[in-house]
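Spelled out from the first residue to the last, the chains are:
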Amino acid sequence: MFRKMRGVKVPPDRQGLLFFTCRNYNDLPEYTKSKIDNLCDLISEGEQAYRAALFDMLTTKDSVVSISIKHSVSQSTLYKLRRRFYETWYKKEAGV
């Protein structure tokens with residue numbers, strides 16, 4: 001279920017659109033999957049555990065707690081990565 005994310009500098013309607021886009025990752029065209037994958041790589045800065053945790057947070061219904069334990073990444077780090085993903089996605093869309 002989508003709820004507006006506080007602290008994310010993206011309007012709620014766009015947050016929702018990106019939330020559901022990522023959640024439907026398996027059904028997306030290759031171009032969009034590639035865009036999500038590339039941005040996860042960029043945001044994680046080469047740290048594989050961060051990349052895997054962020055990807056799981058965006059594309060699965062797993063809880064933040066379970067993802068945090070599974071990938072040994074703190075919950076606060078996960079939230080920061082997700083915020084950066086959302087904000088960067090729309091900056092790139094705008095051509096920034």
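For clarity, every value in this text was computed on a predicted model and none was experimentally measured.

S.K.: Help me understand the overall build of the protein, please; the structure alone is not making it clear to me.
M.R.: Within the protein one finds five helices and zero strands. Start at the N end of the protein and walk to the C end: the helices and strands fall as α-α-α-α-α. Compactness check: the protein gives a C-alpha radius of gyration of 13 Å against a globular reference of 12 Å for 96 residues, within 12% of the reference. Taken along its principal axes, the extent of the C-alpha atoms in the protein is 35 × 25 × 25 Å. Per-residue burial over the protein gives 43% buried out of 96 residues.

S.K.: I tried to follow the packing of aromatic side chains on my own but got confused; where do I start?
M.R.: Any two aromatic rings considered together are summarised by their centre-to-centre distance and by the angle between their planes. Throughout the structure, instances matching the rule amount to six aromatic pairs. Here Phe-2 and Phe-20 contribute two aromatic rings whose centre-to-centre distance is 6.4 Å and whose plane-to-plane angle is 55 degrees, an arrangement assigned as tilted. You can see Phe-2 sitting in the segment before helix 1 (12-23) and its partner Phe-20 sitting in helix 1, a full 18 residues away along the chain. Geometrically, the ring pair formed by Phe-19 and Phe-20 is edge-to-face, given 4.9 Å between the ring centres and 90 degrees between the ring planes. A network of ring pairs unites the aromatic residues Phe-2, Phe-19 and Phe-20 as a single cluster. Positioned above the aromatic ring of Tyr-25 is the side chain of Lys-33, whose terminal nitrogen or guanidinium carbon lies 5.7 Å from the ring centre.

S.K.: Looking at this structure, I do not really get helix 4 (residues 64-71). What am I missing?
M.R.: Since there are 3.6 residues in each turn of an α-helix, residues three or four apart along the chain are aligned in direction. Those residues of helix 4 that sit buried are Val-64, Ile-67, Ser-68 and His-71. Looking straight down helix 4, one finds that the buried residues subtend no more than 100 degrees of arc, so they occupy a single side. Facing away from the buried side of helix 4, by more than 90 degrees, are the exposed residues Ile-69 and Lys-70. Phi turns positive, to about 55 degrees, at Ser-72, one or two residues after helix 4.

So, how was this worked out
- Residues numbered from 1 in each chain as written.
- Predicted model: local features only at pLDDT ≥ 70, side-chain atom pairs only at ≥ 80, totals over all residues.
- Heavy atoms only, no water.
- Helix = DSSP H or I, 4+ residues; strand = E, 2+ residues; numbered from the N terminus.
- Rg over C-alpha atoms; globule rule 2.2 N^0.38 Å.
- Buried < 20%, exposed > 50% of the residue type's maximum accessible area, 1.4 Å probe, protein only.
- Phe/Tyr/Trp six-rings, centres within 6.5 Å; stacked < 30°, edge-to-face > 60°.
- Lys NZ or Arg CZ within 6 Å of the ring centre and 35° of its normal.
- Arc of directions from axis to C-beta.

Taken by themselves, the reported measurements are silent on function.
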